[in-house]
Amino acid sequence: MPGVEPQAARDGAAPQGSIKTYDVIIVGAGFAGMYMLHRLRGLGLSARVLDGATGVGGTWYWNRYPGARCDVESMQYSYSFSAELQQAWSWSEHFAGQPEILAYANFVADRFNLRRDIQLEARVTAAHFDEKTGRWRIETAQGEIFSAQFCVMATGCLSTAKLPEITGRESYEGATYHTGYWPHEGVDFTGKRVAVIGTGSSAIQAIPVIAEEAGHLTVFQRTPNYSIPARNSPMTPDYEGPWKSNYDLRRAKARTMRTGILYGVTDETWGLNNVSALDVTPAERQRIYEERWAVGSTAFMASFNDLITNQAANDTAAEFVRERIREVVKDPVTAEALCPYDYPIGTKRICIDTDYFETYNRANVSLVNLRETPIEAITPKGVRTSAGEHEFDAIVYATGFDAMTGTLMNLDIRGRDGLKLADKWAGGPQTHLGLMSAGLPNLFMITGPGSPSVLSNMIVSIEHHVDWLIDALAHMRANGLATIEPTAEAEAAWGQHVNEAGHRTLYVKAASWYMGANVAGKPRVFMPYIGGVGVYRQECDEVAAKGYDGFILTPRDARAVAAE
Ligand code: FAD
Ligand code: NAP
């Protein structure tokens, strides 16, 4: 039979020499890879998930640093695809910690019997498209080779941790950690002199917890960050109950929102105040900010409808947060150093915290403002700034990720005519809908650059991409189609659309990892699509409804003929 053809081998690899053959290879066993596997089974396709980790969970497997937790509340930062799963799982807090989210990922793996098709400790190094066979040849660092008609990169947007390029880093003799590769056995900082380098979301979560344990904690800050209190608290039946009994409605609504998140459920605005910050009196604006601040969470950024598009509106929110920092932090010099000024609030992923600014009032915590005294080197004993050397027992690098493109570009991915993804993307990622890249047939990305991904509740975006792909594969099977890939024209048009959408906002004013600004030499391109989760869904639906407009779909026979 032509088209998307299930392999005979359902229960594991079908040996073909030493090459293991599947319909689909999925790289990554995080939330994206696990859901993709689940849905592929429904389609009757054989699939193997490969992940370099020793467990499932992706982000939540790797990022085990103290204080790690979600910034989208757990009733929403969870799968929606199974009503039974939604009812069966209970979160203990509004914003669950990493151990609980990892436990949830494992619960899903067991409940849907996913493990038998997940191969751990299998780090993919290469994926090459073979034009003759129309299949992907996938290699792992462990020396295995797989062949698949389709390859799904569920490799994550934040899965390649980045160590800073600081002179002498290797010379340090104490213990070093990166938040994104935290040791499974945990770290005992009791009584230790600890440095944290970085003040992004990871650091903002880790600093208050490490401070409680450390003898002394020194935070090295280059750019201060806006952070909103999470106001995390134990889950209560009063909160959980209405969510569980209204899940269908609420999830459906969330999928239409810009961020895929509901900020409130008590009225029809779902927490988005659809008013300009400049159309209310200063007193009313203050009241609204205070109300949101008291409730906490990223809902603060939904206080008004123009905070990410209008600088003057944004300034009012930014100044409100700076006032709170000055209020909380007792030492005025430290408070001022912690106040962000040089980028609009919300244009780096807004942080939410538990006692972050309060932590600077502790006697055992000090802040080094790298704007005044930059790091000159890491020394065998610690960190040397222009003001002198600080000695430490441990250095924690909370220095982020080569986000969105790093993981894919580090892989040796080659499409038609040996086209290397890393070469193609050297000037910035090029995709159609953030799902595929021209010249790489049957290679899909879940939450790839050019999709809302990191600007959203990522589980909403993951489920959307997987569902769209499953529909595309079903379409291919129904129509005897063997390959799908975007046209160069559709890809260029989408890239322009993504770029224009980004430039209609204030996001492009920040030197953020969204812009590739945290990696030396990376092109400054606004990588995610800011059009909004709801709008983007419609755009993807329209493409599918028009017979996959902008994609080339090749019948199996035609492809075989062309290859001959
Ligand atoms: P990941 O979870 O990153 O999984 C990718 C997997 O691919 C990993 O297991 C990795 O080992 C594997 N992999 C990568 N390359 C290879 C290779 N070459 N070979 C084999 N395996 C490979 N998003 C939110 O929406 N809300 C949040 O609250 C939130 N909190 C976050 C907190 C932290 C600390 C971080 C780092 C990110 C957070 N995110 C959050 C984003 C988060 O990454 C996503 O929500 C989601 O977990 C991504 O799932 P994924 O399956 O797409 O990717
Ligand atoms: P990040 O936001 O990129 O922050 C990295 C920090 O390290 C920044 O403060 C950066 O300073 C600093 N840094 C990097 N190199 C440095 C150097 N050479 N010297 C001094 N400082 C340096 O990384 P992250 O905190 O890991 O977060 C990444 C993303 O993961 C977040 O934006 C979010 O999407 C996700 N995340 C979410 C949560 C959550 O709340 N659920 C938690 C963690 C992560 P500069 O700003 O000056 O470059």
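In case you missed it, the structure is sitting above this.
Quantities reported herein were computed from a predicted structural model and do not represent experimental measurements. (Residues numbered from 1 in each chain as written. Chains lettered and ligands numbered in written order. Predicted model: local features only at pLDDT ≥ 70, side-chain atom pairs only at ≥ 80, totals over all residues. Heavy atoms only, no water.)

Participant: Explain a negative patch on the surface to me, please; I cannot follow it from the model alone.
Facilitator: Residues Asp 188, Glu 212, Glu 213, Asp 355 and Glu 358 make up a contiguous surface patch of negative charge. Its place among the elements puts Glu 212 in helix H5 (residues 201-213). By relative accessible area, Glu 212 is classed as exposed at 62%. (Patch = residues over 30% accessible without salt bridge, like charges linked within 9 Å, V, L, I, M, F, W, Y side chains within 5 Å. Areas by Shrake-Rupley, 256 points an atom, 1.4 Å probe, with all protein chains shown as cover. Salt bridge = Lys/Arg side-chain N within 4 Å of Asp/Glu carboxyl O. Lys, Arg positive; Asp, Glu negative; His and termini not counted. Charge placed at Lys NZ, Arg CZ, Asp CG, Glu CD. Helix = DSSP H or I, 4+ residues; strand = E, 2+ residues; numbered from the N terminus. Buried < 20%, exposed > 50% of the residue type's maximum accessible area, 1.4 Å probe, protein only.)

Participant: Would you explain helix H6 (residues 237-245) in this entry?
Facilitator: The α-helix winds at 3.6 residues per turn, so residues separated by three or four positions along the chain end up facing the same way. Among all positions of H6, only Glu 240, Trp 243 and Lys 244 are buried. Looking straight down H6, one finds that the buried residues subtend no more than 95° of arc, so they occupy a single side. For H6, the exposed residues set more than 90 degrees away from the buried face come down to Asp 238 and Ser 245. On its buried face, H6 sits against helix H3 (83-88) and helix H7 (247-254). (Arc of directions from axis to C-beta. Contact = heavy atoms within 4.5 Å.)

Participant: I'm lost on the sheet that holds strand E15 (residues 382-385) in this one. Help?
Facilitator: Consider a sheet: its strands pair through backbone hydrogen bonds, and that pairing is either parallel or antiparallel. Strand order in the open sheet made by the three strands is E14-E15-E16, with antiparallel pairing throughout. Each of the sheet's edge strands pairs with one partner strand only, and the pair in question is strand E14 (375-378) and strand E16 (388-391). Averaged over neighbouring strand pairs, the angle between their axes works out to 20° when direction is ignored. In the sheet, E15 pairs with E16 via four bridges, with the strands oriented antiparallel. Bridge assignment links Thr 385 to a residue of E16, and that residue is Gly 388. (Pairing = 2+ DSSP bridges. Axes fitted to C-alpha atoms, helices over the stretch in contact; angles between N-to-C directions.)

Participant: Hey, could you run me through the pattern of salt bridges in this one?
Facilitator: Any two side chains of opposite charge can pair, given that their charged atoms come close. The tally for this structure, following the rule as stated, stands at 28 salt bridges. The partner of Glu 165 in a salt bridge is Lys 162, and the shortest N-O contact between them spans 3.8 Å. The exposure class assigned to Glu 165 is exposed, which follows from its relative accessible area of 64%. In this structure, Glu 240 engages Lys 244 in a salt bridge whose closest nitrogen and oxygen atoms are separated by 3.3 Å. In this pair, Glu 240 and Lys 244 both sit in helix H6, four residues apart, roughly one turn of the helix. There is no split in this pair, since Glu 240 and Lys 244 are both buried. The network of salt bridges with shared partners includes Glu 319, Arg 322, Arg 326 and Glu 336.

Participant: Would you take a moment to explain the pairing of strand E5 (residues 124-130) for this structure?
Facilitator: Sheet faces and side chains relate simply in a regular strand, where the side chains alternate between the two faces. Pairing between E5 and strand E6 (residues 135-140): six bridges, direction antiparallel. Bridged to Asp 130 within E6 is Arg 135. Where E5 folds back on E6, the antiparallel hairpin that results is connected by four residues, among which Gly 134 adopts a positive phi of roughly 70°. As paired strands, E5 and strand E18 (residues 412-414) are joined by three bridges and run parallel to one another. Bridge pairing links Ala 127 to Ile 413 in E18.

Participant: Looking at this structure, I do not really get the side chain of Ser 451. What am I missing?
Facilitator: Considering the arrangement of structural elements, one finds Ser 451 in the loop between strand E19 (443-445) and helix H14 (458-478). Engagement of the side chain of Ser 451 in a polar contact is seen with the backbone oxygen of Gly 448, the distance being 2.7 Å. (Polar contact = N/O pair within 3.5 Å; in protein donor to acceptor, adjacent residues only side chain to side chain.)

Participant: Teacher, can you tell me more about the sheet that holds strand E13 (residues 365-369) here?
Facilitator: Reading across from one edge, E8-E17-E9-E10-E13 is the order of the five strands in this open sheet, with parallel pairing throughout. With partners counted over all chains shown, the strands left at the sheet margins are strand E8 (175-178) and E13, one partner each. Each adjacent strand pair in this sheet contributes to an overall mean axis angle of 20°, direction not counted.

Participant: Honestly, the nonpolar core in this entry has me stumped. Any pointers?
Facilitator: When a protein is soluble and globular, its nonpolar side chains tend to lie buried together. Ranked by internal contacts, the top residues of the largest apolar core, which has 140 residues, are Ile 26, Phe 31, Met 36, Leu 217, Phe 300 and Trp 468. Considering every element that reaches this core, the biggest residue donor is H14, with ten residues. Non-local contacts of Ile 26, meaning those with residues more than four positions away in its chain, are made with Gly 33, Met 36, Leu 37, Leu 40, Ala 47, Arg 48, Val 49, Leu 50, Val 152 and Ala 154. Val 27, Ala 127, Ile 413 and Trp 425 belong to the second-largest nonpolar core, a separate cluster that totals 22 residues. (Core = buried A, V, L, I, M, F, W, Y, C linked by side-chain atoms within 4.5 Å.)

Participant: Explain the site of ligand 1 here, please?
Facilitator: Around ligand 1 there are 34 residues in total, and Asp 51, Thr 59, Asp 71, Tyr 77 and Met 458 lie nearest to it. Here an oxygen atom of ligand 1 and a backbone polar atom of Phe 31 are 3.1 Å apart. Taking 970 Å² as the accessible area of ligand 1 by itself, protein coverage stands at 94%. Listed by contribution, the elements that provide at least two residues to the shell around ligand 1 are helix H1 (31-43), helix H2 (59-62) and H14. Considering each element in turn, the shell around ligand 1 owes the most residues, three residues, to H2. Each residue belonging to the shell around ligand 1 can be placed in one class, and the counts come to 18 nonpolar, twelve polar and four charged. (Near = heavy atom within 4 Å. Nonpolar A, V, L, I, M, F, W, Y, C, P; charged D, E, K, R; others polar.)

Participant: Looking at this structure, I do not really get the site of ligand 2. What am I missing?
Facilitator: What surrounds ligand 2 is a group of 24 residues, the closest being Arg 69, Thr 199, Ser 202, Arg 222 and Thr 223. Arg 69 places a main-chain nitrogen or oxygen 2.8 Å from a nitrogen atom of ligand 2. Within the backbone of Ser 201, an N or O atom sits 3.0 Å from an oxygen atom of ligand 2. When ligand 2 is considered free in solution it has 910 Å² of accessible area, and contact with the protein chains removes 86% of it. For the shell around ligand 2, the element with the most residues is H5, which contributes three residues. Tallied by class, residues from the shell around ligand 2 come to ten nonpolar, nine polar and five charged.

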